[in-house]
Amino acid sequence: MVIAESETMKSQSHVAVLASPGMGHIIPLFELAKRLVVHHGIHVSFLNITTEASAAQNQLLHSPTLPPNLKVIDLPLADISALVTEDTLVVARLCINVQESLKPLKSILIDLGKPQALIVDLFSTQAFDICNELSIPTYTFFTASTAFLAFSLYLPTLDCEVECEFVDLPEPVQIPGCTPIRTEDLLDQVRNRKIDEYNWVLYHFSRLTMVTGIFLNSWEDFEPASLRAIREHPLYKQINTPPVHPVGPLIKEDEPLTESGAECVAWLDKQPMDSVLFVTLGSGGTLTTAQLTELAWGLELSQQRFILVARKPTDGNTSGTFFNVGGDVNDPKAYLPEGFLERTKGVGLVVQSWAPQVAVLRHQSTGAFLSHCGWNSTLESITHGVPMIAWPLYAEQRMNATMLMEEVGVAVKPMVGKVKDVVERVEIERVVRMIMEGEEGKAMRCKARELKHSAVKGLNFGGSSKESLSRVVKEWKCDKI
Ligand code: UDP
């Protein structure tokens, strides 16, 4: 079947897109794929890693409403059972999954008639070697911030220059041309250089310069200093950084609503404008039992309206649902404080596992977002002019949270209590009231709305992101002639 389809692709530019596991990778790459099909007339084969696919992933990629020239190609299931254990950390597990799942990639690309380009995200760089053999140009779609791209490109140099653990450095880490990163904001994967996860991250980051171009899910006006550094600073030239193309913010657009998703939107329809705080922690984020209890109490004490995506707590793992989000059948009653659901009835709506985030953020009743500051969530919030309570949990989210608070001015971060190492209920009550009712909240909302206009301008006809993508597409189309 794949071969028959490749015949029809001969007359049309055809690229393949490959996303690493995890909704934070799949969602933006799928949006890029849709944009290439719908706005640029490209035929796209979206390569889907099916091993350990979550319910949310299956629902998104097997939706019946995809544009005709977007084909989802399921890669065969890989058996990774002998290579991972319960204790394998999330990024290492993801990387092992990719490595095993990509074994048939060469024959799949040949069956597809050798697409003109392959676009991959950060954790699937093994594909570069296969594409090299087949003379297929590769691109990266970087699904995090420009500041994090600068860090990623610089990591191999840092690895050679620094002997101790980065977290033990006496000063923030100086990234050429960019805001220094406080050691406490460094991502978990680089906090201990002896673990497998560090080696995986270093492996993938050091291959980023192998591509023909890097697409960024950001826009020219949003992170100008980091972008300028990557384009102009001698360090990035010396390591042969390929051209970077900011084409964002590419965020999920319309999504088919599940029954519970439709209930969320119907509930929001009945609430006053800007009155609801939306609480969800990305695809993987989970809290400890003690922290979830404090969060629930904080929401209740604030007396503000809210939608809370309440996942089963996990003690000792902040990304507990990374591989199985959307399939949760737990009853939140079992882990929320006794009587919480009854006492907050009418004021709050509790949802299991997954809410239609973009539909909620777009809704006029949504006034703020308590978020783990994953990059997609960040872009989705800003694109809808919604300020944030920053609750970073894993990956590069601490860096994002600091940037949103200190540079962009659209977020506030609650303080962790000194005694129990949790954010206590009174602190949560304070920041919720502040963002929903206070002057600081209003100022952040205004700033978020300014940024929303700047983001929309970039994507509109003649805007920098639209033009940036069009330039690369034009090159593919010229190559086809
Ligand atoms: N998301 C959603 N509903 C939820 C939680 C997350 O639709 O209840 C989507 C969200 O809109 C975003 C993605 O999942 O597009 C999460 O990506 P992000 O980069 O923010 O975080 P990650 O999941 O990679 O940590």
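For every chain, the first residue of its written sequence is number 1, and the numbers climb from 1 along that sequence. pLDDT decides what is reported in this predicted model: residues at 70 or higher carry local features, side-chain atom pairs at 80 or more are listed and counted, and totals for whole chains, interfaces and linings draw on all residues regardless. Only hydrogens and water are set aside when side-chain values are computed; all heavy atoms of the structure are taken into account.

- Going by an unreviewed UniProt entry, the chain carries the name Glycosyltransferase and comes from Quercus lobata.

Details of the site of the ligand
Then, in step 1: Working definition: residue near molecule or strand if any one of its non-hydrogen atoms lies within 4 Å of it. Within the structure, the ligand sits among 18 residues, and Ser283, Ala355, Ser377, Glu380 and Tyr394 are positioned closest to it.
Then, in step 2: Pairs of N or O atoms are called polar contacts if they sit within 3.5 Å, as long as, within protein, a hydrogen donor faces a hydrogen acceptor (for residues adjacent in sequence, only side-chain-to-side-chain pairs). Residue Thr280 places a side-chain N or O atom 3.1 Å away from an oxygen atom belonging to the ligand.
Then, in step 3: For the shell around the ligand, the elements supplying multiple residues, two or more each, are α2 (23–40) and α15 (375–383).
Then, in step 4: Comment: elements are numbered from the N terminus, with helices defined as DSSP H or I runs of at least four residues and strands as E runs of at least two. Take the shell around the ligand: its biggest share by element is 4 residues, from α15.

Focus: the sheet that holds strand β5 (residues 138–142)
As a general point, the strands of a sheet are linked pairwise by backbone hydrogen bonds and lie either parallel or antiparallel.
Then, in step 1: In this scheme, strands are said to pair when DSSP sees at least two bridges between them. The strand order β3-β2-β1-β4-β5-β6-β7 describes an open sheet built from 7 strands, whose pairing is parallel. What marks the edges here is a single partner per strand, and that holds for β3 (70–75) and β7 (244–246). Between one strand axis and the next, the sheet turns by 25 degrees as a mean value, whatever way the strands run.
Then, in step 2: Across 3 bridges, the pairing between strand β6 (residues 213–216) and β7 is parallel. Directly across from Ile214, in β7, lies its bridge partner Val244.
Then, in step 3: Two residues form a contact once any of their heavy atoms are found within 4.5 Å. Comment: axis = line fitted to C-alpha atoms, over the contacting stretch for helices; angle = value between 0 and 180 degrees taken between N-to-C directions. The sheet contacts of helix α6 (residues 127–134) involve β1 (14–18), β4 (117–120) and β5, and relative to β4 the element is tilted by about 175 degrees.

Things to note about the state of the cysteines
Then, in step 1: Cysteine sulfur pairs qualify as disulfides if the two atoms are within 2.5 Å. By the definition in use, this model includes 0 disulfides.
Then, in step 2: Unpaired in this structure, Cys95 has its nearest cysteine sulfur neighbour in Cys131, at a distance of 18 Å.

Section: unusual backbone geometry
Then, in step 1: Going from Gly248 to Pro249, the amide bond is cis rather than trans, its omega being 0 degrees.
Then, in step 2: As for its position among the elements, Pro249 is in the loop between β7 and α11 (259–269).
Then, in step 3: Of note, the phi angle at Lys114 is positive, near 50 degrees, even though the residue is not glycine.
Then, in step 4: One can find Lys114 in the loop between α5 (105–111) and β4.
Then, in step 5: The buried label goes to any residue with under 20% of its type's maximum accessible area, the exposed label to any with over 50%, and the partly exposed label to all in between, with areas taken from a 1.4 Å probe on protein chains only. Taking relative accessible area as the criterion, Lys114 reaches 43% and is therefore assigned partly exposed.
Then, in step 6: Phi at Ala395 takes a positive value of approximately 50 degrees, unusual for a residue other than glycine.

Thoughts on the pattern of salt bridges
Then, in step 1: In what follows, salt bridge is the name for a side-chain nitrogen of Lys or Arg lying within 4 Å of a carboxyl oxygen of Asp or Glu. In the structure shown here, the tally under the stated rule is 21 salt bridges.
Then, in step 2: A salt bridge links Glu52 to Arg93; the shortest N-O distance between them is 2.7 Å. Taken together, the residues Glu52 in the loop between β2 (43–49) and α3 (55–61) and Arg93 in helix α4 (residues 90–101) connect sequence positions 41 residues apart.
Then, in step 3: Judged by relative accessible area, Glu52 falls into the partly exposed class, the value being 27%.
Then, in step 4: A relative accessible area of 18% places Arg93 in the buried class.
Then, in step 5: A salt bridge links Arg425 to Glu294; its shortest N-O distance comes to 2.9 Å. Taken together, the residues Arg425 in helix α17 (residues 425–437) and Glu294 in helix α12 (residues 289–302) connect sequence positions 131 residues apart.

Considering the nonpolar core
Then, in step 1: The term nonpolar core refers to a set of buried residues drawn from Ala, Val, Leu, Ile, Met, Phe, Trp, Tyr and Cys, joined through side-chain atoms within 4.5 Å. Formed by 66 residues in total, the largest nonpolar core has its most connected members in Leu47, Phe151 and Leu155.
Then, in step 2: Looking at this core, the element that brings in the most residues is helix α7 (residues 146–161), giving 8 residues.
Then, in step 3: Non-local contacts of Phe151, meaning those with residues more than four positions away in its chain, are made with Leu158, Ile175, Ile181, Leu186, Leu187, Val190 and Phe205.
Then, in step 4: Counting 32 residues, the second-largest nonpolar core is a separate cluster that includes Val351, Leu361, Cys373 and Val386.

Regarding the pairing of strand β9 (residues 305–309)
Then, in step 1: Within β9, 4 of the 5 residues are buried, which leaves the element mostly enclosed by the surrounding structure.
Then, in step 2: The handedness rule is simple: strands pointing away from the viewer, and a clockwise path from the first strand over the helix to the second, make the crossover right-handed. Read as a crossover between parallel neighbours, the route from strand β8 (residues 276–279) over α12 to β9 is right-handed.

Side note on α6
The periodicity of an α-helix, 3.6 residues per turn, causes residues three or four places apart in sequence to face the same way.
Then, in step 1: Along α6, the residues that are buried comprise Ala127, Phe128, Ile130, Cys131 and Leu134. Each buried residue of α6 sits inside an arc of 160 degrees when the element is viewed along its axis, so together they form one side. Those residues of α6 that are exposed and aimed more than 90 degrees away from the buried face are Asn132 and Glu133.
Then, in step 2: In the segment just after α6, Ser135 is the residue with positive phi, at about 55 degrees. Summarising the geometry, the arc corresponds to the directions from the helix axis toward the C-beta atoms.

Quick word on the sheet that holds strand β13 (residues 411–412)
Then, in step 1: Across the sheet, which stays open at both edges, the 6 strands sit in the order β10-β9-β8-β11-β12-β13 with parallel pairing between neighbours. The sheet is open, and its two edges are formed by β10 (348–351) and β13, each paired on a single side.
Then, in step 2: Sheet topology note: the β8/strand β11 (residues 366–371) ladder contains 4 bridges and is parallel. Bridge pairing links Val279 to Leu370 in β11.

Focus: the side chain of Asn48
Then, in step 1: Relative to the elements of secondary structure, Asn48 occurs in strand β2.
Then, in step 2: Using a relative accessible area of 2% as the deciding quantity, one classes Asn48 as buried.
Then, in step 3: Engagement of the side chain of Asn48 in a polar contact is seen with the side chain of Gln57, the distance being 2.7 Å.
Then, in step 4: The residues contacting Asn48, other than those within four sequence positions of it, are Gln57, Leu61, His62, Val72, Ile73, Asp74 and Leu75.

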